[in-house]
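# Per-entry structural report
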Amino acid sequence: MSNIKKYIIQILFLISIALYVVGCAHLGFTSSNSTADEIITSELMKQHIFTLASDSMKGRNTPSPELDSAANYIAGVFKSSGLQTVNGSYFQKVGLGIISLGDDNYLKIVKDGSEQSYKIKTEFTPFDMTGNKQVNAPIIFAGYGITAPDYKYDDYKDIDVKGKIVFVLKHEPGENDSSSSFEGVKETDYSNVSEKVRIAIEHGAIGILIATDPLNHTSLVPRGFPWPSLSKTLPKDALPISLTADEERKIPVVQIGEEVITQLFGSVDKLRKLQSIIDSTMVPQSFHIPNISVSLKTSTSIKDMSTQNVVGYIEGSDPKLKDEVLIIGGHYDHVGYMKQHSDTADYIFNGADDNASGTSAVMIVAQAFGAMGQKPKRSVLFMAFAGEEKGLMGSRSYVNKPLFPLDQTVAMLNIDMVGRNGIDSLYMVSEAACPDLAQINEEENKEIGFTLVDEEKLLGGSDHMSFQKKKIPFLFYFSGMHSDVHQVTDGPKKINTIKAAKAARLVFRTAWRIANEEKKYQLVDSKTLF
Amino acid sequence: MNKFYSHLSLIAIAILLSVSVIFAQGNYKLEYKFQKGKTYRYGHTTNSNITQEMMGKEMKMTNASDMTIRVAVDDLTKEGNIALIVSVDSAKNTTKSPMMDTTMILNNIIGKRTKITVSKIGAVISREVIDTIKNEGMMGNGSQRGMAQLIRLPEKEVKVGEKWNSTTIDTVESMGGKIFHTSNLEYTLTGKEKKQNHDCLKIDYTGTSSDTGKMMMQGMELFVEGTGKIKGTVYFDQKLGLVVLDESTTDNEQTMAITGQQNMTIPMSVSSKSTKTLLEK
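Throughout what follows, the structure given in this document is the object of discussion. (Residues numbered from 1 in each chain as written. Chains lettered and ligands numbered in written order. Predicted model: local features only at pLDDT ≥ 70, side-chain atom pairs only at ≥ 80, totals over all residues.)

## Here we look at helix α10 (residues 435-448) of chain A
Residue and element names in this part refer to chain A. Heads up, the condition is: To qualify as a helix, a DSSP run of H or I must reach at least 4 residues; to qualify as a strand, a run of E must reach at least 2; elements of each kind are numbered from the N terminus. The length a helix should cover is 1.5 Å for every residue beyond the first. Note on burial: count the other C-beta atoms lying within 10 Å of the residue's C-beta; 20 or more is buried, 12 or fewer is exposed, in between is partly exposed, and C-beta positions come from the backbone. Note that the arc is computed from the directions linking the helix axis to the C-beta atoms. By the convention adopted here, residues are in contact when the distance between their C-beta atoms, placed from the backbone, does not exceed 7 Å.
With 14 residues, α10 should reach 20 Å at 1.5 Å per residue; the first-to-last C-alpha distance of 19 Å fits that figure. Those residues of α10 lying buried are L437, A438, I440, N441 and E444. The buried residues of α10 occupy an angular sector of 155° when the element is viewed end-on, so they sit on one face. Facing away from the buried side of α10 by more than 90 degrees, the exposed set consists of Q439, E443 and K446. Buried positions along α10 lie against β18 (409-415), β19 (425-428), β21 (474-478) and α12 (497-515).

Now the structure itself:
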């Protein structure tokens with residue numbers, strides 16, 4: 001951390017103390033809002049945004065030393081605002097790494113005492129979510145590998161896959177049938193490979209063979225993950241950063257092609273007929289494939305790239321409600337800088353709007369809460385997420401390993417890009433998903449004066465989605481797209497700090513209401529959202 | 001906020017569009033009988049389901065493209081070759097994704113002409129872009145090149161049940177790089193059928209395709225690798241020497257890899273249904 005940042009943090013600390021003293025004089029909701037209004041100013045917003053989006057932060061890539069500097073700055077603000085640590089720290093580790101395919105991978109099938117080995121890439125290929133393990137077991141055909149209580153369909157019903165390897169098809173029943181109970185031709189999350197893997201592990205499977213379903217698809221190429229080490233075209237540098245938690249829970253997961261299908265079922269056509277029966281009857285056809293055992297090994301190596309979320313906590317004052325948590329968060333990372341650049345041209349993606357503005361709003365709302373002089377009834381967790389730009393890594397890591405029980409997390413307010421476009425309008429893209437939260441927000445907005453624009457299609461693409469997937473009600477504050485997003489031109493001077501402060505005041509008012517009432521909120525029909 | 005999804009999806013669709021219009025057909029002597037001075041119009045629709053895995057998440061999208069293609073016969077050469085001026089009268093592309101729905105009228109490709117000289121069986125002799133498309137990207141260039149594709153007819157007379165093959169190797173220069181397309185198709189003359197008031201020969205076809213290449217995008221290197229399978233049926237009016245209808249399905253497994261300020265490997269699965277219909281002759 002630089003001396004300048006230390007100085008800023010000291011000043012902020014003093015300001016916070018002073019404001020805290022002032023804040024103590026105010027009690028009650030109306031006065032709390034006026035206290036917050038005094039703290040949530042465009043000047044303080046500007047100070048935070050210019051710090052986070054400065055060139056010295058080099059675009060806050062995940063992971064990077066500059067991201068760590070930003071994390072320290074945010075933690076300093078949380079600390080100076082009187083927020084508590086969680087488990088003794090303002091940081092929560094986000095386990096990240098670059099996963100490469102190892103050298104030792106094989107697939108062998110013993111049928112009626114005769115062993116057949118298969119070639120990697122042309123006959124089988126591991127997926128990126130595969131485990132570093134070797135397994136040897138009988139094999140079960142488990143249809144589409146779906147357990148979906150919401151669609152009254154279960155390929156694992158009446159079949160025990162514990163300690164077995166399962167064979168599952170890609171996609172879902174009735175893929176091209178507009179009357180399919182799986183949302184017609186619109187594919188649900190159950191068709192995702194990651195979901196099939198999760199379900200198989202939950203049922204106790206120790207390995208998975210996945211095939212493209214032959215009824216609706218002509219290409220049965222066993223692509224799995226396109227590992228650079230198996231390609232002449234794809235560069236190793238393009239391997240993405242992935243979440244690395246729960247490595248020990250992972251099992252071997254490979255995609256197989258026509259050769260393996262033929263060995264297991266006699267022919268591709270026999271598998272196609274099985275699939276056709278499932279699709280036409282919606283009755284699972286799972287069974288133990290007799291006289292066959294499968295030996296499967298996949299190996300990976302991980303280059304550690306871990307980073308951290310920043311957390312600050314206010315414990316609730318109500319003996320009962322303090323066990324419930326409201327989360328207010330936004331991502332503090334951006335996309336870094338151009339590695340190949342000239343000395344004269346701008347090369348840093350400052351990410352002032354995306355998302356120094358939202359992170360600053362989180363900090364300012366935290367400062368306002370800290371200065372209230374009274375604790376809210378419910379507990380509040382302020383969070384700055386890392387790795388949003390790499391695929392919501394920080395928030396996904398949190399919901400996988402939450403600091404507080406998710407079933408006690410009453411709502412999540414996500415702030416991502418609130419400093420651009422017209423000063424009078426703000427996107428609130430959660431009305432259909434969380435109407436009761438949206439109503440609170442609309443009521444509070446009467447004092448703020450935004451024209452709130454509801455646009456459900458903008459739901460995707462930010463950290464609230466990680467919480468939404470865990471069925472946690474959310475609100476998403478967003479001021480809209482613009483031509484500077486992910487460009488070097490997204491600089492701090494272009495931010496309308498008055499608007500950003502106005503958005504932060506709305507977040508504060510809504511958060512304070514939520515944190516002080518007993519009502520539980522509903523997330524409507526989350527399966528139809530992203 | 002992440003905004004790469006829409007860009008990459010459009011690039012993938014464009015690569016596939018340029019391949020998907022390669023269609024097939026053929027004791028019957030089959031040859032194109034385009035008439036000098038005449039203009040033919042085809043309607044071409046493609047509906048695709050795309051599953052894209054990016055940054056640990058799978059995302060599903062649909063894409064629908066609807067184009068009207070104008071084929072004007074410029075010249076019939078002494079050698080028996082046919083010079084065609086191909087352009088697009090209308091082009092609309094609709095993408096639906098969890099991020100947002102977008103409909104684009106591709107005004108930048110409308111009216112832009114490509115001159116293509118082919119033999120009577122559809123072998124490409126030469127190709128010349130007359131009107132360059134502004135801000136082409138993959139979408140523009142792919143479409144312009146794709147609409148100028150003709151199916152390959154058999155060199156010899158064929159009987160019902162007979163097969164013939166064609167291999168096409170093509171290079172598309174785009175976005176500061178090159179994409180190499182290879183396709184291998186096998187055609188089977190399967191019978192006769194009336195289609196759209198035309199007495200047609202029915203030709204089934206199956207085949208494979210592959211793409212590899214490298215381009216530049218926003219200062220980053222973009223690598224493409226993919227394989228696909230195609231299956232379809234062409235209805236060919238032997239008397240008129242024209243394709244009346246072509247229906248096909250394709251399954252493509254593609255990968256895009258990006259290096260630069262962002263490093264990503266993005267597997268994509270694209271299933272498409274495509275129809276090309278003779279509208280006017």
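## Side note on the sheet that holds strand β14 (residues 300-304) of chain A
Residue and element names in this part refer to chain A. Note the cut-off: Between any two strands, pairing holds if DSSP finds at least two bridges. For helices, the fitted line uses only the C-alpha atoms of the stretch in contact; every axis is such a line through C-alpha atoms, and the angle between N-to-C directions lies from 0 to 180 degrees.
Spatially, β11-β2-β14 is the arrangement adopted by the 3 strands of the open sheet, whose pairing is antiparallel. In the strand order of this sheet, the two ends are held by β11 (241-243) and β14, each with one partner. Pairwise comparison of adjacent strand axes, ignoring direction, gives a mean angle of 50° for this sheet. Looking at chain direction, strand β2 (residues 96-101) and β11 are connected through 3 bridges and run antiparallel.

## Focus on the packing of α10(A) against α12(A)
All names here are of chain A. Formally: Each angle receives one of four descriptions, namely roughly parallel if under 35 degrees, roughly antiparallel if over 145, roughly perpendicular if within 65 to 115, and oblique otherwise. Each crossing gets its handedness from the near helix: less than a right angle anticlockwise from the far helix is left-handed, clockwise is right-handed. Three classes are used: nonpolar for Ala, Val, Leu, Ile, Met, Phe, Trp, Tyr, Cys and Pro, charged for Asp, Glu, Lys and Arg, and polar for all others, with Gly counted as polar.
Two elements in contact, α10 and α12, have axes separated by 9 Å at closest approach and are oriented at 135°. Taken together, the axis directions place α10 and α12 in an arrangement best described as oblique. In the packing of α10 onto α12, the handedness of the crossing is right-handed. Here I440, N441, E444, N445, E447 and I448 of α10 lie close against α12, whose contacting residues are K502, R505, L506, R509, T510, R513 and I514. Of the residues contributing to the contact of α10 with α12, the split by class is 4 nonpolar, 3 polar and 6 charged.

## What about the interface of chain A and chain B?
Size of an interface, as often reported, equals the accessible area lost when the parts are brought together. The interface is formed by 41 residues belonging to chain A together with 36 residues belonging to chain B. Among the elements of the structure, α5 (193-202) and β11 of chain A are those that each provide at least two residues to the side of chain A that touches chain B. Grouping the amino acids of the side of chain A that touches chain B by side-chain chemistry returns 18 nonpolar, 14 polar and 9 charged.

## Some points on the pairing of strand β4 (residues 114-118) of chain A
For a regular strand, side-chain orientation follows a simple rule: the groups alternate between the two sheet faces. All names here are of chain A. Burial within β4 is sparse, with just 0 of its 5 residues counted as buried. Note that strand β3 (residues 106-111) and β4 share 5 bridges and pair antiparallel. Bridge pairing in β4 places K111 opposite S114. Linkage of β3 to β4, two consecutive antiparallel strands, is achieved through a turn of 2 residues, within which D112 is found at a positive phi near 50°.

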